[in-house]
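These are the residues of each chain, in order.
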Amino acid sequence: MRATTIHAPFDMRVEDVPDPVVRQPTDAVIRVLRACICGSDLWAYRGEAAREPGQRIGHEFLGVVEETGSEVTGVARGDLVVVPFMWSDGVCDYCREGLTTSCEHGGFWGTVGSDGGQGEAVRVPFADATLVRLPKDAAGDDRLLSALLTLSDVMGTGHHAALGAGARPGATVAVVGDGAVGLCAVLAAKRLGAERIIALGRHQVRTDIARRFGATDVVAERGDAAVEAVRELTRGQGAHAVVEAVGTEQSMRTAVGIARDGGTVGWVGVPHGSGTGLDLGVLFDRNIALRGGVAPVRTYIPELLPDVLDGTIDPSPVFDMTVGLEDVPAGYKAMDERTALKVLVTNRGRGEAG
């Protein structure tokens, strides 16, 4: 089959790789219909996250079950499923507590020895615990498929950030970052009832989506100027709930700076270059809480799925470029150059319905 591999910084290739097969009785093999490129994939693309030459990549995808192991009972051949960005066994202590990203037997797509989502097919360990079935007729609805694909990562991660930050009815929420996760956090905050949502971002195409998703205000400034602008909008107090969806030292400083005393920062930006600079004394003195981390999206899918299916939320506008599998390297280039917000990858050549 064909799959995306990374060989060196800026060297993405689509190559022939071995077809996935069932290895364990709890496995399933999924034919990928839709995948996408994540902002976190760009750290490997730019050489800021180590990868072995030829390593697979991609962790957001949905598709159709092609084969199952003998112990799989929850899904069957032909089922349309969405796949969280990590697999999990569903039975360990962490999974039972809802923290599927800390599963004792879990893993992340595209790690050495595992398949990546940016390919034609994927072997899924612990299929019953990992996969979530979708209505089969969704396979013929391009917009709905795109919206459902966000449940594999960005919508669930935005929801995790908004929950961690304490988005709730009556609250003022500020979102630092205008990437796909930040935009989904705006949508999640709106869904959770936030009264005011301040989106921080400098790219009008993206902040227009933020307004569409529920942002009431947009702040284009950065650094100290952004802190001043948010405080001006909030009678000098700052936001009850702040989402940090970038992962740099500057973005975290901004997040803490715009938080209201007694507020919470929901932190989901993958850290890079942020080993120093967070002053714990500021958090202590102002009673600011810090929550977040890797989002256990498998836990959130059952809650978010009905709202996507009935149109209550539609995260699909975060995709603004579509490529076929063979053109994935061009998708990386577009996201790296910020000419695309988030790239959708289609596998129409694999017999997709519709």
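Everything that follows concerns the structure shown earlier in this document.
Below is a short write-up of the structure. Remember, predicted model here, so these are calculated numbers, not experimental data. (Residues numbered from 1 in each chain as written. Predicted model: local features only at pLDDT ≥ 70, side-chain atom pairs only at ≥ 80, totals over all residues. Heavy atoms only, no water.)

## Some details on the overall build of the protein
Then comes step 1: The helix and strand inventory of the protein stands at twelve helices and 18 strands.
Then comes step 2: Taking 354 residues into account, the globule formula puts the C-alpha radius of gyration at 20 Å, and the protein, at 20 Å, falls close to it.
Then comes step 3: Dimensions along the principal axes, computed over C-alpha positions, put the protein at roughly 60 × 40 × 35 Å.
Then comes step 4: Considering only contacts in the protein between residues 6 or more positions apart, those separated by 24 or more positions represent 71%.
Then comes step 5: Carbon together with sulfur atoms contributes 49% to the accessible area of the protein, which is approximately 14,500 Å² in total.
Then comes step 6: Here the protein contributes 35 positively and 47 negatively charged side chains, and the mean placements of these two sets differ by 3 Å. (Helix = DSSP H or I, 4+ residues; strand = E, 2+ residues; numbered from the N terminus. Rg over C-alpha atoms; globule rule 2.2 N^0.38 Å. Contact = heavy atoms within 4.5 Å. Areas by Shrake-Rupley, 256 points an atom, 1.4 Å probe, with all protein chains shown as cover. Lys, Arg positive; Asp, Glu negative; His and termini not counted. Charge placed at Lys NZ, Arg CZ, Asp CG, Glu CD.)

## Here's the deal with the sheet that holds strand β15 (residues 259-267)
Within a sheet, adjacent strands bond to each other through the backbone by hydrogen bonds, running parallel or antiparallel.
Then comes step 1: The parallel open sheet is built from six strands, whose spatial order is β13-β12-β11-β14-β15-β16. Edge positions in the sheet fall to β13 (217-219) and β16 (289-292), since each has one partner strand and no second. Strand-to-strand twist in this sheet, taken as the mean axis angle between neighbours without regard to direction, amounts to 20°.
Then comes step 2: Two elements, strand β14 (residues 239-244) and β15, share five bridges in a ladder whose sense is parallel. Each residue of the ladder has a partner; that of Val-243, found in β15, is Gly-266.
Then comes step 3: Packed on one face of the sheet, helix α9 (residues 249-258) meets β11 (172-176), β12 (196-200), β14, β15 and β16 and runs near 145° to β15. (Pairing = 2+ DSSP bridges. Axes fitted to C-alpha atoms, helices over the stretch in contact; angles between N-to-C directions.)

## A few points about the sheet that holds strand β2 (residues 11-16)
Then comes step 1: Spatial ordering of the open sheet is given by β2-β1-β4, a layout of three strands whose pairing is antiparallel. Two strands close off the open sheet at either side, each with one partner strand: β2 and β4 (55-56).
Then comes step 2: Relative to β4, strand β1 (residues 2-8) runs antiparallel, the two sharing two bridges. In the sheet register, Ile-6 faces β4, and the bridge partner there is Gln-55.
Then comes step 3: Sitting on the sheet, helix α12 (residues 328-336) touches β1 and β2, and the angle it makes with β2 is about 160°.

## Concerning the packing of helix α5 (residues 154-165) against helix α6 (residues 180-191)
Then comes step 1: At a minimum axis distance of 7 Å, the contact between α5 and α6 shows a crossing angle of 60°. As far as their axial angle goes, α6 and α5 are oblique. Once α5 is placed against α6, the crossing between them reads as right-handed. Between α5 and α6, the contacting residues are Val-154, Met-155, Thr-157, Gly-158, His-159 and Ala-162 on the first element and Ala-180, Val-181, Cys-184, Ala-185, Leu-187, Ala-188, Ala-189 and Arg-191 on the second.
Then comes step 2: Residue composition of the contact of α5 with α6, by class: ten nonpolar, three polar and one charged. (Parallel < 35°, antiparallel > 145°, perpendicular 65-115°, else oblique. Left-handed = near helix turned anticlockwise from the far one by under 90°. Nonpolar A, V, L, I, M, F, W, Y, C, P; charged D, E, K, R; others polar.)

## Here we look at the state of the cysteines
Among covalent bonds in proteins, the disulfide is the one between the sulfur atoms of two cysteines.
Then comes step 1: In total, this model carries zero disulfides according to the counting rule given.
Then comes step 2: Looking at Cys-103, it has no disulfide partner, and the nearest cysteine sulfur is the one in Cys-95, 3.7 Å off.
Then comes step 3: Using a relative accessible area of 9% as the deciding quantity, one classes Cys-103 as buried.
Then comes step 4: This cysteine, Cys-184, is not joined by any disulfide, and Cys-36 carries the nearest cysteine sulfur, 10 Å off.
Then comes step 5: Among the residues examined, Cys-184 registers a relative accessible area of 0% and is labelled buried. (Disulfide = S-S within 2.5 Å. Buried < 20%, exposed > 50% of the residue type's maximum accessible area, 1.4 Å probe, protein only.)

## Points about unusual backbone geometry
Then comes step 1: Even without a glycine there, the phi angle at Phe-10 is positive, about 65°.
Then comes step 2: For Phe-126, which is not glycine, the phi dihedral falls at a positive 50°.

## Observations regarding the nonpolar core
Then comes step 1: Core analysis: the largest hydrophobic core is formed by 55 residues, its most contacted members being Leu-62, Leu-80, Leu-148, Leu-151, Met-155 and Val-318.
Then comes step 2: If we skip the residues at most four places from it in the chain, Met-155 touches Thr-150, Cys-184, Leu-187, Ala-188, Leu-304, Ile-313 and Pro-315.
Then comes step 3: Membership of the second largest hydrophobic core comes to 33 residues, among which are Ala-28, Ile-57, Val-75 and Ala-127. (Core = buried A, V, L, I, M, F, W, Y, C linked by side-chain atoms within 4.5 Å.)

## Considering the pairing of β12
Then comes step 1: In terms of burial, β12 is largely enclosed, as four of its five residues are buried.
Then comes step 2: When β11 meets β12, the two strands line up parallel, connected through five bridges. Residue Ala-174 lies in a different strand from β12, and its bridge partner there is Ile-198.
Then comes step 3: Taking the sense of rotation as the criterion, the β-α-β connection linking β11, α6 and β12 turns out right-handed.
Then comes step 4: Where β12 meets β13, three bridges bridge the pair, whose relative direction is parallel. Looking at the pairing, Ile-198 lines up with Asp-217 of β13.
Then comes step 5: Running through helix α7 (residues 204-213), the crossover from β12 to the neighbouring parallel element β13 is right-handed. (Right-handed = clockwise from strand over helix to strand, strands pointing away.)

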